[in-house]
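Fold and contact review
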Amino acid sequence: MNVVNKELLKKIYNELKLDPKVSQIELAKKYGVNERTIRRYYKILKDNGFIIQYSSGRKTTWLILKK
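Scope of this entry: the structure provided in the associated data block. (Residues numbered from 1 in each chain as written. Predicted model: local features only at pLDDT ≥ 70, side-chain atom pairs only at ≥ 80, totals over all residues. Heavy atoms only, no water.)

1. A word on the layout of surface pockets
A volume near 320 Å³ is recorded for the largest pocket. Residue classes in the lining of the largest pocket are distributed as four nonpolar, five polar and five charged. (1 Å grid on protein atoms, 1.4 Å probe; cavity = no way out; pocket = protein on both sides within 12 Å on 5 of 7 lines; lining within 4 Å. Points joined across faces, edges and corners; volume = space filled by probe spheres on them. Nonpolar A, V, L, I, M, F, W, Y, C, P; charged D, E, K, R; others polar.)

2. Some thoughts on the pattern of salt bridges
The final tally for this structure, using the stated rule, is three salt bridges. Here R39 ties to E35 by a salt bridge, and the two come within 3.5 Å at their closest N and O atoms. One end of the pair, R39, and the other, E35, are both in helix 3 (residues 35–47), four residues apart, so they sit about a helical turn from each other. With a relative accessible area of 36%, R39 lands in the partly exposed category. With a shortest N-O distance of 2.7 Å, D47 and K43 are connected by a salt bridge. Taken as a pair, D47 and K43 lie in helix 3 at a separation of four residues, close to a single helical turn. (Salt bridge = Lys/Arg side-chain N within 4 Å of Asp/Glu carboxyl O. Helix = DSSP H or I, 4+ residues; strand = E, 2+ residues; numbered from the N terminus. Buried < 20%, exposed > 50% of the residue type's maximum accessible area, 1.4 Å probe, protein only.)

Note that all results are geometric; they support no functional claim without further evidence.
What follows is the structure, given as structure tokens:
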């Protein structure tokens, strides 16, 4: 079962608002969690309409939909 830390989710969302090109690896190191956790939280944000992926690959950019 996946447990969502709402505070971490808010922090990740705020980081994406500041820098839409921030990498999942950077966020994982900054918050002391696994990179897979960051990907799961990105998916939560994406599924709930907060972000969409603007480009893919090593230079992924996220478009923030809700401010």
